[in-house]
Amino acid sequence: MSQPTAQPVGRRTPLTTATHTQKPSGMPIHKYGAYEAVDLPDRTWPDRRITKAPRWLSTDLRDGNQALIDPMSPARKRAMFDLLVRMGYKEIEVGFPSSGETDFAFVRSIIEEGAIPEDVTISVLTQAREDLIERTVESLRGAHRATVHLYNATAPVFRRVVFRGSKDDIRQIAVDGTRLVMEYADKVLGDDTVFGYQYSPEIFTDTELDFALEVCEGVMDVWQPEEGREIILNLPATVERSTPSTHADRFEWMSRNLSRREFVCLSAHPHNDRGTAVAAAELAVMAGADRIEGCLFGQGERTGNVDLVTLGMNLFSQGVDPQIDFSQIDEIRRTSEYCNQMEVHPRHPYAGDLVYTAFSGSHQDAIKKGFDAMEADAAAAGRTVDEIEWAVPYLPIDPKDVGRSYEAVIRVNSQSGKGGIAYVLKNDHKLDLPRRMQIEFSRIIQAKTDAEGGEVTPADIWAVFQDEYLPNPDNPWGRIQLRSGQTITDKDGTDTLTVEAVVDGADTVLTGSGNGPISAFFDALNTVGVDVRLLDYQEHTMSEGASAQAASYIECAIDGKVLWGIGIDANTTRASLKAVISAVNRSAR
Ligand SMILES: CC(=O)SCCNC(=O)CCNC(=O)[C@H](O)C(C)(C)COP(=O)(O)OP(=O)(O)OC[C@H]1O[C@@H](n2cnc3c(N)ncnc32)[C@H](O)[C@@H]1OP(=O)(O)O
Ligand SMILES: CC(C)C(=O)C(=O)O
């Protein structure tokens, strides 16, 4: 029989792609074509950095609302509007007033009730149809600052299928619509309304670049932008169709080729069909966009509009002021959920229930070390933790900055390790367990999670910890309970300890001597047949002030077993005696 040849460690046949050849899926790929690239070899956007917030427009009340199963009631609309104002949005698209009485009445209500702050501009959307434009402008009577937003589709399939017209016909719809908006604004709105205009070539992402430019130029020829008379040209990714890099190329191309660029506010309106709307928006800003339209938490048609919360918080997490207040993210989320009647996903960036929570051991370990290092670094710099740069692994921002507590940062289940459990004890009970004690206790918790599954709450952890290490009058298990102890130190430094205790149910006085209270106590315990040897001892105060408690941790070998004990007391000697009893009682449990 031939002997198998021993392979040196690390020299076995590796798994390579050759052993995992992928096979054609059989999916109908012939139905789809590649998206056209932009010929822009001297593109500049990849080298740009975002150093300030773009202008934001919230379209929650329009694009968000039009996509809801149950569009917002007037009360829900008002709650959303007030939230957006409180957060600091200065441009808010409040509806499509010509769609019906609900939107029209809502626009009238916020104007007539004085709900729009002086520095907030409301915007309303309309198709390029005269009756709709008239009704739209009518809704704005008496507003301080208002923008009419006109759109028509310019993409080839719309030209052919929806409008059944030539490029010139489509361009003319935009030009005529712009003229009508201006005429009705002149007729209906007084001088007390600061009036603005926005045009969107719909499905910009599917429109030939030169044609999108041609239509925008035609619109500008009518509006005549100049100093003090900007035009907002909004280039919507109505359906997201390309990588964010190609989207950025298209923005850079438009930004370079538009005439009167200094009077144009170039705006992006990404949707999330490919799941990359946030990246598309950020790269569009790098490529020249001045403004982003989106919705809170990515509400909106199909996969949603770009998420304004993620965009704003991405800036914040890079030290750039988003100009929007996200400090109460849970209130923002609750209001948005109420208005949209849709839940925000627990993994939603910055706002989901679980996004500042680590269950897994190595994450928890790193987070605990990160918090400890922050405290040490702040103390070394003579500052508070809030005054130094945030650097906690796995937490891109300090949850406190969005109104979250640290309670949920670490949650314990079967995937957790000692770091997380130690974090809970330190955070909730001011107990900073020595490393080997963390290991010992985490095994006890792990046995529980393996047996029972699910999550172990901080309250469960504390109950197990107390039961394991801290016998007390309500739970007085163990051979020995301490009543009182007294040490006398003689002139050569020897401590003599007298302890009153209950041993095996009987009141007992134990005495012993040694070169400190702990060794004196070990000596005393020997008299009742307990053989203890000290391996490690640590202590710390748990709070400041006269009534401060101290925690003592002791690692001992007791009758051949190595165990930890803990004692908590205002008196450090008493804390250490309790720690010895905790370990001794555990050894006999
Ligand atoms: C990408 C976006 O999100 S765009 C915004 C979409 N949002 C909404 O549509 C919500 C509100 N809309 C509505 O309530 C309705 O569409 C209304 C009340 C405004 C209009 O309703 P209707 O009069 O029934 O027209 P409908 O919306 O079906 O539009 C169809 C007609 O308008 C034309 N049309 C569509 N969009 C536009 C436009 N932007 N400009 C000019 N004409 C347009 C179509 O070609 C079609 O014309 P046809 O009847 O001659 O074939
Ligand atoms: C009206 C436009 C801006 C729009 O909502 C879109 O194209 O998605």
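- As annotated in an unreviewed UniProt entry, the protein chain is 2-isopropylmalate synthase from Streptomyces roseolilacinus.
- Quoted straight from UniProt, the Subcellular location (unreviewed entry) entry for the protein chain says "Cytoplasm".
- In its Function (unreviewed entry) section, UniProt records this for the protein chain: "Catalyzes the condensation of the acetyl group of acetyl-CoA with 3-methyl-2-oxobutanoate (2-ketoisovalerate) to form 3-carboxy-3-hydroxy-4-methylpentanoate (2-isopropylmalate)."

## Observations concerning the overall build of the protein chain
Inference 1: Scanning the protein chain for helices and strands turns up 17 helices and 14 strands.
Inference 2: The C-alpha atoms of the protein chain give 35 Å as radius of gyration, which overshoots the globular expectation for 589 residues (25 Å, by more than 25%).
Inference 3: Each of the three principal axes of the protein chain carries a C-alpha extent, and together these read 105 × 85 × 45 Å.
Inference 4: Classification of the 589 residues of the protein chain by burial places 50% in the buried group.
Inference 5: Partitioning the intrachain contacts of the protein chain with sequence separation of at least 6 by distance along the chain shows that 66% fall at a separation of at least 24.
Inference 6: Working note: accessible area of the protein chain is about 28,700 Å², and carbon and sulfur atoms make up 49% of it.
Inference 7: Charged side chains in the protein chain number 61 positive and 88 negative. The centres of these two groups are separated by 5 Å.

## Section: the UniProt feature "binding site: Mg(2+)" (unreviewed entry) in the protein chain
Inference 1: The UniProt entry lists Asp63, His269, His271 and Asn305 under the feature "binding site: Mg(2+)" (unreviewed entry), expressed in the numbering used here. A maximum C-alpha distance of 10.3 Å is found for the annotated residues, which run over 243 residues; spatially they form one tight group.
Inference 2: For Asp63, the position within the fold is in helix α1 (residues 60–66).
Inference 3: Relative accessible area serves as the criterion here: at 3%, Asp63 is assigned to the buried category.
Inference 4: Not counting residues up to four positions away in its chain, the partners in contact with Asp63 are His269, His271, Gly300, Glu301 and Asn305.
Inference 5: When you line up the elements, His271 lands in the loop between β7 (264–270) and α9 (277–286).
Inference 6: The residues contacting His271, other than those within four sequence positions of it, are Asp63, Ala237, Thr238, Glu240, Ala277, Glu301, Arg302, Gly304 and Asn305.

## Some points on the pattern of salt bridges
Inference 1: For the structure shown, the criterion picks out 42 salt bridges.
Inference 2: As a salt-bridge pair, Asp330 and Arg404 come within 2.9 Å of each other at their nearest N and O atoms. In this pair, Asp330 is assigned in helix α11 (residues 329–340) and Arg404 in the loop between α12 (361–380) and α13 (418–429), connecting sequence segments 74 residues apart.
Inference 3: Take Asp330: its relative accessible area is 18%, and that puts it in the buried class.

## Some remarks on the side chain of Arg586
Inference 1: On the secondary structure map, Arg586 appears in helix α17 (residues 572–587).
Inference 2: Looking at Arg586, its side chain comes within polar contact range of the main-chain oxygen of Trp564, at 2.7 Å.
Inference 3: When sequence neighbours within four positions are dropped, the list of residues in contact with Arg586 reads Glu440, Ile444, Glu468, Tyr469, Trp477, Leu563 and Trp564.

## Observations concerning the state of the cysteines
Inference 1: Summed over the entire model, instances satisfying the criterion amount to 0 disulfides.
Inference 2: Here Cys339 stays unpaired: no disulfide links it, and the sulfur of Cys295, its closest cysteine neighbor, is 12 Å away.
Inference 3: Look at Cys339 and you get buried, because its relative accessible area is 0%.

## Re the pairing of strand β11 (residues 506–514)
Inference 1: Across 9 bridges, strand β10 (residues 495–503) lies against β11 in antiparallel orientation. When the bridges of β11 are listed, Thr496 appears paired with Ser513.
Inference 2: The turn linking β10 back onto β11 is made up of 2 residues, and Asp504 within it adopts a positive phi angle of 50 degrees.

## Some details on a negative patch on the surface
Inference 1: On the surface, a cluster of negative charge is made up of Glu130, Asp131, Glu134, Glu183 and Asp186.
Inference 2: Contributions of two or more residues to the negative patch are made by α4 (130–138) and α6 (167–188).
Inference 3: Top element by residues in the negative patch is α4. It accounts for 3 residues.
Inference 4: Within the fold, Glu134 resides in helix α4.

## Side note on the site of ligand 2
Inference 1: Around ligand 2 sit Arg62, Asp63, Leu125, His149, Tyr151, Ser200, Glu202, Asn234, Pro236, Thr238, His269 and His271, and those are all the residues in its vicinity.
Inference 2: In the model, an oxygen atom of ligand 2 is placed 3.1 Å from a nitrogen or oxygen of the Asp63 side chain.
Inference 3: The separation between an oxygen atom of ligand 2 and a polar side-chain atom of His269 is 3.1 Å.
Inference 4: Protein contacts shield 94% of the accessible area of ligand 2, which totals 260 Å² for the unbound molecule.
Inference 5: Partitioned by chemical class, the residues of the shell around ligand 2 number 3 nonpolar, 6 polar and 3 charged.

## Notes on the site of ligand 1
Inference 1: Of all residues adjacent to ligand 1, which total 18 residues, the nearest are Gln66, Ala128, Arg129, Tyr151 and Glu202.
Inference 2: Contact distances for ligand 1 include 2.9 Å between a nitrogen atom and a backbone N or O atom of Ala128.
Inference 3: Take Arg129: an N or O atom from its side chain is 2.9 Å from an oxygen atom of ligand 1.
Inference 4: Contact with the protein chains hides 58% of the accessible area of ligand 1, taken as 1,000 Å² for the molecule alone.
Inference 5: At the level of elements, α1, β3 (121–127) and β4 (145–153) are the ones that each hand at least two residues to the shell around ligand 1.
Inference 6: Looking at the shell around ligand 1 residue by residue, the class counts come to 7 nonpolar, 6 polar and 5 charged.

## Notes on the packing of helix α16 (residues 517–526) against α17
How two helices pack is summed up by the angle between their axes together with the distance between the axes.
Inference 1: Contact pair α16 / α17: the axes reach a minimum separation of 10 Å and the direction vectors enclose 40 degrees. Judged on the interaxial angle alone, α17 and α16 are oblique. Of the two elements, α16 crosses α17, and the hand of that crossing is right-handed. Residue-level inspection shows Pro517, Ile518, Phe521, Phe522 and Leu525 of α16 in contact with α17, the latter providing Thr573, Ser576, Leu577, Val580, Ile581 and Val584.
Inference 2: Tallied by class, residues from the contact of α16 with α17 come to 9 nonpolar, 2 polar and no charged.

Rules used throughout
Residues numbered from 1 in each chain as written. Chains lettered and ligands numbered in written order. Predicted model: local features only at pLDDT ≥ 70, side-chain atom pairs only at ≥ 80, totals over all residues. Heavy atoms only, no water. UniProt positions renumbered as here; feature names shortened; annotations may be inferred. Helix = DSSP H or I, 4+ residues; strand = E, 2+ residues; numbered from the N terminus. Rg over C-alpha atoms; globule rule 2.2 N^0.38 Å. Buried < 20%, exposed > 50% of the residue type's maximum accessible area, 1.4 Å probe, protein only. Contact = heavy atoms within 4.5 Å. Areas by Shrake-Rupley, 256 points an atom, 1.4 Å probe, with all protein chains shown as cover. Lys, Arg positive; Asp, Glu negative; His and termini not counted. Charge placed at Lys NZ, Arg CZ, Asp CG, Glu CD. Salt bridge = Lys/Arg side-chain N within 4 Å of Asp/Glu carboxyl O. Polar contact = N/O pair within 3.5 Å; in protein donor to acceptor, adjacent residues only side chain to side chain. Disulfide = S-S within 2.5 Å. Pairing = 2+ DSSP bridges. Patch = residues over 30% accessible without salt bridge, like charges linked within 9 Å, V, L, I, M, F, W, Y side chains within 5 Å. Near = heavy atom within 4 Å. Nonpolar A, V, L, I, M, F, W, Y, C, P; charged D, E, K, R; others polar. Axes fitted to C-alpha atoms, helices over the stretch in contact; angles between N-to-C directions. Parallel < 35°, antiparallel > 145°, perpendicular 65-115°, else oblique. Left-handed = near helix turned anticlockwise from the far one by under 90°.

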